[in-house]
4 protein chains.
Amino acid sequence: MADAIQHSCGLVGVFGTPDAAQLAYLGLYSQQHRGQESAGICSTGGREILRRAGMGRVTDALSPSDLTALANPIAVGHVRYSTTGSCHAANSQPLLVNIGDAPVAVAHNGNLVNAGRLRAEYERRGHLFNATSDTEVILHMLADPAYRSHADPLAAVMRDLVGSFCLLLLHPDRIEAVRDASGNRPMCIGRAGAAWVIASETCALDMVDAEYVRDVAPGEIVTISERGLESRSFGAVGVRRGHCIFEHVYFADPSSRIFGQNVHRVRKEFGRRLAREAPVPADLVVAVPNCARCAALGYHEESGIPIGRGFTTNHYVGRSFIQPTQLIRDLTVRLKLNAIRDVVEGQRLVVVEDSVVRGTTTRGKMQSLRRAGAKEIHLRVASAPIRHPCHYGIDFPQHDELIANGRTVEQIREYLGVDSLAYLSLEGMLSCVTPPGDFCNACFSGNYPIPIDPGFRKDAFEQQQLRFVDAHGVLRRP
Amino acid sequence: MADAIQHSCGLVGVFGTPDAAQLAYLGLYSQQHRGQESAGICSTGGREILRRAGMGRVTDALSPSDLTALANPIAVGHVRYSTTGSCHAANSQPLLVNIGDAPVAVAHNGNLVNAGRLRAEYERRGHLFNATSDTEVILHMLADPAYRSHADPLAAVMRDLVGSFCLLLLHPDRIEAVRDASGNRPMCIGRAGAAWVIASETCALDMVDAEYVRDVAPGEIVTISERGLESRSFGAVGVRRGHCIFEHVYFADPSSRIFGQNVHRVRKEFGRRLAREAPVPADLVVAVPNCARCAALGYHEESGIPIGRGFTTNHYVGRSFIQPTQLIRDLTVRLKLNAIRDVVEGQRLVVVEDSVVRGTTTRGKMQSLRRAGAKEIHLRVASAPIRHPCHYGIDFPQHDELIANGRTVEQIREYLGVDSLAYLSLEGMLSCVTPPGDFCNACFSGNYPIPIDPGFRKDAFEQQQLRFVDAHGVLRRP
Amino acid sequence: MADAIQHSCGLVGVFGTPDAAQLAYLGLYSQQHRGQESAGICSTGGREILRRAGMGRVTDALSPSDLTALANPIAVGHVRYSTTGSCHAANSQPLLVNIGDAPVAVAHNGNLVNAGRLRAEYERRGHLFNATSDTEVILHMLADPAYRSHADPLAAVMRDLVGSFCLLLLHPDRIEAVRDASGNRPMCIGRAGAAWVIASETCALDMVDAEYVRDVAPGEIVTISERGLESRSFGAVGVRRGHCIFEHVYFADPSSRIFGQNVHRVRKEFGRRLAREAPVPADLVVAVPNCARCAALGYHEESGIPIGRGFTTNHYVGRSFIQPTQLIRDLTVRLKLNAIRDVVEGQRLVVVEDSVVRGTTTRGKMQSLRRAGAKEIHLRVASAPIRHPCHYGIDFPQHDELIANGRTVEQIREYLGVDSLAYLSLEGMLSCVTPPGDFCNACFSGNYPIPIDPGFRKDAFEQQQLRFVDAHGVLRRP
Amino acid sequence: MADAIQHSCGLVGVFGTPDAAQLAYLGLYSQQHRGQESAGICSTGGREILRRAGMGRVTDALSPSDLTALANPIAVGHVRYSTTGSCHAANSQPLLVNIGDAPVAVAHNGNLVNAGRLRAEYERRGHLFNATSDTEVILHMLADPAYRSHADPLAAVMRDLVGSFCLLLLHPDRIEAVRDASGNRPMCIGRAGAAWVIASETCALDMVDAEYVRDVAPGEIVTISERGLESRSFGAVGVRRGHCIFEHVYFADPSSRIFGQNVHRVRKEFGRRLAREAPVPADLVVAVPNCARCAALGYHEESGIPIGRGFTTNHYVGRSFIQPTQLIRDLTVRLKLNAIRDVVEGQRLVVVEDSVVRGTTTRGKMQSLRRAGAKEIHLRVASAPIRHPCHYGIDFPQHDELIANGRTVEQIREYLGVDSLAYLSLEGMLSCVTPPGDFCNACFSGNYPIPIDPGFRKDAFEQQQLRFVDAHGVLRRP
């Protein structure tokens, strides 16, 4: 999979250790799979807030001297993949502003569905916007005298946000963590000695030797300060649970425990269930590297068919630039992996994929296996067909680029060039998570748990409301 | 001079030629002496506005591919030396924003004295600020519904600005040029074939083969569009003229004609008048390179004393970094120029300087001459002693760093180590410009033509009101 | 494994297609695991030879414009890990020189054991050396009138080289490929349409859709020109076969076929044999990512113990720089992989490693598993203990840093902190390759098939004979 | 002038102060006008020799950390403009090699006319060459056992060099300075306290506060060591004096004293003599910036015509890249200087140039003056017409690009578009230097004092004998 799905964001907050920025850096590093467009850390020692951020991966975006500069007992970090907002430096997070003479830094994972409407209103009132991300709207709300006059301004703002959001707010004396009432994205709390760690995934806790304490609850505001952990609800009403099942399918690290279950285990269950739903006589189960390895193990165990290694992976993939010529077909695929001829030649293969989005990459992989001499290829996909856009933070391609959109399984099979094709059923998927009713499966079912703003389009922000631009930007007159 | 005075900004606008961006680039290049911190150009072909900007000199900030990208018939450019606002990329100009669904780019030369108060008010109302320059306040005013409801919103905003400002506003279909009612900074209009060119100095017109038409008048808004040049007054009341006499002393290029007079001629007149006010028997007149060469010629002509070349200049001065050791004294001076021993040895010299600010550099140059064997050094300064800060855009050092502040001429002479010292009188200076009463001479006299906001301090912005910060910024909690 | 072993070099040559440089680039890319210090390509269209090379990985070292410049029908490429010669740009290959008015480019994989002696002799005669690699000695021999007067100068030079070497020589009209008589490193020939491809490993042939033809034979010189493939022996005498068994253990890509066998299959056989030699009751077989996955599959199949996934891998590892603090132990390990607690907790594990060199990294991984709750850890190493240095191109650490040097298996087990430890026997290893007698196993046995020059030391070159240096070099007076 | 003449190289050596590298840096900085292609410094503390070098100007090529690394009591530096040898990093100097187990660094100013023949011979014997500069031949000679067996190897090598050369050799315990027997390039010795300083020009002595002691004599080898200064002749026979008169015309800094005379004074004498040889009635003498200012002063003094400032100079010229369009003619000229209309309008001008090579730049400057309204332009060139190539280190353009080649003065006048044109006569030039017979004037007269190797061509090296190349090089097969 993964030719088309682009990752979401990852958050980390650390409170109460001189190593806070270093731990935040490690936490971002372990969550790099959640975003590689930019990385940033803000830290504070009680008065000022410092910020360092850059484009690219954590190790490119932040230098040792950055970490030295950030040495402070409280830190918040962010890795980003753009969901809304194009690739401008102005969009790197955490965002840092002054509100009422006090600095505050904000890091955001998710996607607001009413941001466009909110922003239009602020612009009508003469506010100028700096970036193209929906996170900036939150800043304007926090600075808005109307909200600031509330007894609990943060809760008041949170109540008016619609969509998927996990937020970390860094103040000079505390960290506030917020999770939307649907619980769409994961967020967990851990302890490393006397320090508190908050992160999107538990793999970040593991990285810094922090012990898992609990998740931030949907609709909760958690405050970490010298007084320890304090909790309050921001009082959202009428919001259904909607944990993102795609975190289990593809996003989250297999070692993480999210929404109460270990990702690897859920994926293996997907594979087991798939073996029961779509058995096939074969010589060997092989996984498409690397995401489908958990599901392939499940299929192998349930089916009893031996598991093998069908591909080697190129670990050195960078930004390759080669223009494929006539001679060199399927290059994109081959740059990433190479079929092992001596393993697949003459074999009947069950090939396990985690998901299929556009289908182009999967097709290339199947051709590699075929060229390496595979006798039969039975493709088994450990999730249901993706037929609907995500409005809560996953950057699926346009509707008409989804291979499953408007095509039968037989048509897809033909396109992919395999001998048989089966998807895991949505019911099958849901039977592996608990409780099934708490999960958002809109991309499979079209059933959206969070109401969408009338006229909302995922990319509306960028197309219509771009404002301030950086050194290489462009502004269009509608 | 020039160890301490930092330059102002330079503007250029071009309308009505496919080469507009290239001409703007050349116009900035010829005005590089007005600012070397950053350079930027915005251009438009009628719908969108494109922007390219970078740090450093024009040739560093803008690449050939930038100019290719900017190829459009209307362009506005800016070179900047920070007067208010620290050295952040966010401060490079022109600034580009959307106001009421239409893009507008703004380039600014000057300094607002009421920007702090205006900004504080907008922040109170929940506006967020992006940069530290006072130019941003103008954007918020332009976006403010209260101003936008005026019959002439731009004039309404301009009326409420207090201070020194020349502005170029780029709209998709026109350029608007504004000059404050005191006429503090220069701004001229020229034609190159069918194209219009607006610039801070006429040397930019020369560079692009444009013919000088007239100056933008104090208090005038000039609009250049397909309909040609249109003019209106923005209706400022009660503002005295205040052309910056320091443009003639040091800032402007000798080839430029500003405030109705050629700069070289005015400087030569300063030198002639100085020769009359402070004659001295000597063998040779030498100029301190390169600014004082015009005045030295005037002194030579008036006095009849031969003129010579006392120094060679190092044309390759970059950012040098050498730490002076005990062995290497006066290094800063020597890196820039070198006394010609065979010229000065045994001679009685009249050394002409354009101005003396801190005095440290001038002192070093005098020591170089002494070490090269000068018998007598009679320093003649072609301007009056600088004793007061500038609030309109010249970045003089702190009050107590001005050598003339609280010192007699005799004390200064002693510090500089010369045999005699004379400054040109303020009356002498004013006798060289016409009409004398239209010139601001506050840095010499303390007589400020534009009222200063109560509590205004030149650096107030940065120290108190820093808001959004870039990747390496820091926010302080007051 | 792999904390300590540094990789060898990779070669590729392409003849007879306009895409030659692009295919060479792809061939290097697929052999990136053989060297990441530098990469370079030379190409020719019949008269001049062009060269492009840079530091780092292929995608960093060579740009699209490099490939455009290199567009020519004959090309030779090289990826390098320094075996002899420190990390200077001067050491990147292919080397390009003029010999007798004709240009020639040379790419080398291997290590000469008599290079020191040869070089000293040339220096005595007044020759100046440019780089620190032993490859340069070959150039001086090729340029030496004494060799050039031979009927077959290349063969004459090859006969006088002692050690491990695969060479590609690019002339304006042909490629010459040479492999030393012991056959220490692999080298194969393939065809892609009308074009010829020569490479270190067959995975490079796969990448460019070339069909495997045969290996270059030990002691053979293969010439590819317009006349097709021609072959001659260079007439080495008295040299035993010595295929590097460590290519099968660790170096080569699992998809490659070297020395007549597929690497994945040999590794799986190592695992099967290991399961027979060292069985243990356990719940789960897990591989140490990624190298040991083939052997783990073999162990699983032979033992019948289920195979699982014990770790997730961080695919985004760059040059990380974090200083481990007291709080963060075993950081190096954790940056690369993360134990999946839900898999290993409470389990009796068979952990399969491909080899153990220093032991520090392996130890860290075992601690990760223990911390994640593993009940028992039975470490099984799919190769024999490494006790001797390699003189033919593998950069093992100093003798006394080898964990197996002077320690019993029980002592090593204790150091690594596992419940049981077993290595595959040397006999076991050799039983998996054919014919066993043709393989060099000196690093396990101390039995060196190629005689070592008296006084030869792997790093002698750099320590004693550094000559020309690049911009940041240093020369010592002995 | 100066559109076409490219500069020579500059040398500096410092012995006997902990600041040696810093002083060498300053010495290079003050001689930057002698070469801007690359800069390098080698230093030693008695055992090893360290080297730092880079492309571009001194301040770009060498960083503060380079100087820190080079902190040692003996140092040699070099700035380079390529005379022979193209712009490769491999050509930056000093070159550092090991000869007979001892390091030596060599810096060279000049051009050898027999280098091609020497190099061909070494190549015939199998030596490989690294760079394209003729300096490398000297290294091979120094390493040659035949020379090393001499009683005085250095003297023996020097005797066999033909051409123009000043050399500095840095050994761990001493500096050796050599100047060819014709004395073609300048080289001087100074003292700064206990330290010795050797440099191409005295302006380098001034920069580091060193007192001038004497010149290195033609044919002399000076050794500076703990024993102080020692001198010997290398025994050249039959070589005529040939000081380069073009150093006085253009190369050297006006503040320097070379060949026994101050450069500024000689140039002023050129101007005085020119006024006598070619008087003209006029209103104003103006110099073409900046080189001709000395001669213009001389013309002014001798003629009694007032001197004025006709141009302003752009001090910020970098690598500009603008493509001149139809609209923008004479762009190259205008980027560098701008005529002051208020000075030249309606005036009869005597314009003084130092020399005219191709004529294109001078022509552009004359057009600028004309466009600014000059009534008459009388161009006076303070040197004779250049009609012959230089073989000793000045990079004049090809023969047929010299404006004076095959054209009468009247034809040149017409091309340049001036009302009258006069060159200083060769006799006039020689009357200003002493003794006239010791000066090389080959570029004016075609009379070469140093015999030229049969078949020698200045660029022969690069075209025929390029050997080792750097990462972006190319080798041609003849």
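Residues numbered from 1 in each chain as written. Chains lettered and ligands numbered in written order. Predicted model: local features only at pLDDT ≥ 70, side-chain atom pairs only at ≥ 80, totals over all residues. Heavy atoms only, no water.

1. Details of the overall build of chain A
Stage number 1. Tallying secondary structure elements over chain A gives 18 helices and 24 strands in all.
Stage number 2. A buried classification covers 65% of the 478 residues belonging to chain A.
Stage number 3. Sequence-distant contacts in chain A: of pairs separated by 6 or more residues, those separated by 24 or more amount to 70%.
Stage number 4. Of the roughly 15500 Å² of accessible surface on chain A, a fraction of 48% belongs to carbon and sulfur atoms. (Helix = DSSP H or I, 4+ residues; strand = E, 2+ residues; numbered from the N terminus. Buried < 20%, exposed > 50% of the residue type's maximum accessible area, 1.4 Å probe, protein only. Contact = heavy atoms within 4.5 Å. Areas by Shrake-Rupley, 256 points an atom, 1.4 Å probe, with all protein chains shown as cover.)

2. What to know about helix H4 (residues 115-124) of chain A
Residues and elements named next belong to chain A.
Stage number 1. Every buried residue of H4 is accounted for by Ala115, Leu118, Arg119, Tyr122 and Glu123. One side of H4 holds all its buried residues, which, seen down the axis, span an arc of 135°. For H4, exposure combined with an orientation more than 90 degrees from the buried face picks out Arg117 and Arg124.
Stage number 2. Where H4 ends, the next residue or the one after it, Gly126, has phi of about 95°, a positive value. (Arc of directions from axis to C-beta.)

3. As for unusual backbone geometry
Stage number 1. A cis amide bond links B:Gln93 with the next residue in sequence, B:Pro94, at an omega value of -5°.
Stage number 2. With respect to the secondary-structure elements, B:Pro94 resides in the loop between strand S4 (74-80) and strand S5 (95-99).
Stage number 3. Of note, C:Phe259 is a non-glycine position whose phi angle comes to about 50°, a positive value.
Stage number 4. Take C:Phe259: it is sitting in the loop between strand S15 (257-258) and strand S16 (261-262).
Stage number 5. Overall, C:Phe259 belongs to the buried group, its relative accessible area being 9%.

4. Some thoughts on the sheet that holds strand S5 (residues 95-99) of chain D
Residues and elements named next belong to chain D.
Stage number 1. The six strands lie next to each other as S5-S6-S7-S8-S12-S13, forming an open sheet whose pairing is antiparallel. Looking along the sheet, the strands with just one partner apiece sit at the ends: S5 and strand S13 (228-233). Each strand axis lies, on average, 20° off the axis of its neighbour in the sheet, ignoring direction.
Stage number 2. Here S5 pairs with strand S6 (residues 102-112) via five bridges, running antiparallel. Of the residues in S6, the one forming a bridge with Leu95 is Val106.
Stage number 3. Each of S5, S6 and strand S7 (163-171) touches helix H5 (residues 135-143); the most contacted strand, S5, lies at about 15° to it. (Pairing = 2+ DSSP bridges. Axes fitted to C-alpha atoms, helices over the stretch in contact; angles between N-to-C directions.)

5. Considering the packing of aromatic side chains
Stage number 1. Applying the stated criterion across every chain yields a total of 28 aromatic pairs over all chains.
Stage number 2. Ring geometry for B:Phe246 and B:Tyr250: centres 6.3 Å apart, planes at 55°, overall tilted. Of the two residues, B:Phe246 and B:Tyr250 both sit in helix H9 (residues 245-251), four residues apart, roughly one turn of that helix. For the pair formed by B:Phe246 and B:Tyr250, the shared burial category is buried.
Stage number 3. Ring geometry for D:Tyr250 and D:Phe251: centres 6.2 Å apart, planes at 55°, overall tilted. With respect to class, D:Tyr250 is no different from D:Phe251; both count as buried.
Stage number 4. Each member of the aromatic cluster is reached from another via a ring pair, and the members are A:Phe246, A:Tyr250, A:Phe251 and A:Phe444. (Phe/Tyr/Trp six-rings, centres within 6.5 Å; stacked < 30°, edge-to-face > 60°.)

6. Here we look at the environment of D:Ala210
Residues and elements named next belong to chain D.
Stage number 1. Within the element layout of this structure, Ala210 appears in the loop between helix H8 (202-207) and strand S11 (211-215).
Stage number 2. We classify Ala210 as buried; its relative accessible area is 9%.
Stage number 3. Separated by 187 residues in sequence, Ala210 and Leu23 place their C-alpha atoms 10.0 Å apart.
Stage number 4. The contacts of Ala210, once residues within four sequence positions are left out, are Gly190, Arg191, Ala192, Val197 and Leu205.

7. Description of the pattern of salt bridges
Residues and elements named next belong to chain A.
Stage number 1. Counted under the stated rule, the structure contains 109 salt bridges over all chains.
Stage number 2. One salt bridge in this structure joins Arg125 and Asp144, with 3.5 Å as the shortest N-O distance. Here the residue Arg125 occupies a position in the loop between H4 and helix H5 (135-143), and Asp144 occupies one in the loop between H5 and helix H6 (145-148), the gap between them amounting to 19 residues.
Stage number 3. Of the residues examined, Arg125 reaches a relative accessible area of 31% and is grouped as partly exposed.
Stage number 4. In this structure Asp144 comes out as buried when scored by relative accessible area, which is 4%.
Stage number 5. With a closest N to O distance of 2.7 Å, Arg214 and Glu220 form a salt bridge. (Salt bridge = Lys/Arg side-chain N within 4 Å of Asp/Glu carboxyl O.)

8. Some remarks on the domain arrangement of chain A
Residues and elements named next belong to chain A.
Stage number 1. Looking at chain A, the domain boundaries give domain 1 (10-240) and domain 2 (262-445).
Stage number 2. Once you take the C-alpha centre of each, domain 1 and domain 2 turn out to be 34 Å apart.
Stage number 3. Tallying the contact residues gives nine residues for domain 1 and seven residues for domain 2.
Stage number 4. The interface formed by domain 1 and domain 2 holds zero salt bridges in total.
Stage number 5. Our count for the domain 1 to domain 2 interface comes out at three residue pairs in polar contact (both at pLDDT 80 or more).
Stage number 6. Tallied by class, the residues present in the side of domain 1 that touches domain 2 amount to two nonpolar, six polar and one charged. (Domains from an automatic or database assignment. Polar contact = N/O pair within 3.5 Å; in protein donor to acceptor, adjacent residues only side chain to side chain. Nonpolar A, V, L, I, M, F, W, Y, C, P; charged D, E, K, R; others polar.)

9. Observations concerning the pairing of strand S12 (residues 220-225) of chain A
Regular strands have side chains that alternate between both faces of the sheet.
Stage number 1. Counting buried positions over the six residues of S12(A) gives six, a clear majority of the element.
Stage number 2. In S12(A), alternate side chains face the same way, and those of A:Glu220, A:Val222 and A:Ile224 on one face and A:Ile221, A:Thr223 and A:Ser225 on the other are all buried.

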